Amino acid sequence: METNTKAYLVGGPRDGSSQDADGKALVEIEIDGMIHRYIRTTKQHGDDGVVYNYDGMVAPGGGEPGVEDPAARVASPKADEQS
């Protein structure tokens, strides 16, 4: 049985392109210092590959702090009224 190793990328910055995936469930591509992830689907692309959907972008070092710092959060006026 022949294994399809070509990933056809759908969505994200590499939409419409393809690359070798070696049958992996996840393909990660570094672009401008960020990692873009594509996840394998069950859809075939013709006879020579599998479709991978865009899953989003992450920093290479792992999680980044969010927009809001929970320690600096100010309670809402309604929360003060209820206490």
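Starting afresh in each chain, residues are numbered from 1 along the sequence in its written order. Only residues with pLDDT of at least 70 are given local features in this predicted model, and only at 80 or more are side-chain atom pairs given and counted; all residues enter the totals for whole chains, interfaces and linings. Side-chain figures throughout are based on the complete set of non-hydrogen atoms in the structure, without hydrogens or water.

Draft legend 1. Molecular detail of the overall build of the chain. If you tally the helices and strands in the chain, you get one helix and five strands. To sort residues, take the accessible area from a 1.4 Å probe on protein chains only and compare it with the maximum for the residue type: under 20% means buried, over 50% means exposed, and anything in between is partly exposed. Burial statistics for the chain: of 83 residues in total, 22% are counted as buried. Any two residues whose heavy atoms approach within 4.5 Å are treated as being in contact. Of the contacts made within the chain by residues no fewer than 6 positions apart, 34% connect residues no fewer than 24 positions apart. Taken as a whole, the chain presents about 6,200 Å² of accessible surface, with 49% of it coming from carbon and sulfur. Secondary structure elements follow DSSP: runs of H or I no shorter than four residues count as helices, runs of E no shorter than two count as strands, and numbering proceeds from the N terminus. What sets the accessible areas is the Shrake-Rupley method with a 1.4 Å probe; for residues, cover comes only from the shown protein chains.

Draft legend 2. Seen up close, unusual backbone geometry. Of note in this structure, Asp22 is not a glycine but carries a positive phi near 50°. Looking at where Asp22 falls in the secondary structure, it is placed in the loop between strand 2 (18-20) and strand 3 (26-31). The class of Asp22 is exposed, set by a relative accessible area of 54%. Its identity as a non-glycine residue notwithstanding, Asp32 has a phi of 50°, on the positive side. In this fold, Asp32 is placed in the loop between strand 3 and strand 4 (34-45).

Draft legend 3. View of the nonpolar core. For our purposes a nonpolar core is just a set of buried Ala, Val, Leu, Ile, Met, Phe, Trp, Tyr and Cys residues, chained together by side-chain atoms within 4.5 Å. Listed in full, the nine residues of the largest apolar core are Ala7, Leu9, Ala21, Val27, Ile29, Ile31, Tyr38, Val50 and Tyr52. When residues in this core are grouped by element, the largest group, three residues, is from strand 3.

Draft legend 4. Region of the structure containing the pairing of strand 1 (residues 6-10). Should DSSP find at least two bridges between two strands, the strands are regarded as paired. Where strand 1 lies against strand 2, three bridges are found, and the strand directions are antiparallel. For Ala7, the partnering residue across the bridge sits in strand 2 and is Gln19. In this structure, strand 1 lies alongside strand 5 (residues 49-58), joined through five bridges in parallel fashion. Its bridge partner lying in strand 5, Lys6 is registered against Gly49.

Draft legend 5. Geometry of the sheet that holds strand 4. Taken in spatial order, the five strands make up an open sheet running 2-1-5-4-3, and their pairing is mixed. Strands with a single pairing partner mark the edges of an open sheet, and in this sheet they are strand 2 and strand 3. The average angle at which neighbouring strand axes cross in this sheet is 35°, direction not considered. Here strand 3 runs beside strand 4; their pairing, made up of six bridges, is antiparallel. Across the sheet, residue Ile31 finds its bridge partner in strand 4, namely Met34. Helix axes are fitted only over the stretch in contact, all axes being lines through C-alpha atoms; the angle between N-to-C directions runs from 0 to 180 degrees.

Draft legend 6. Structural detail: the environment of Lys43. Note on placement: Lys43 falls in strand 4. Leaving out residues up to four positions away in the same chain, Lys43 has contacts with Val50 and Val51.

Any functional reading would require information beyond the geometric quantities listed.
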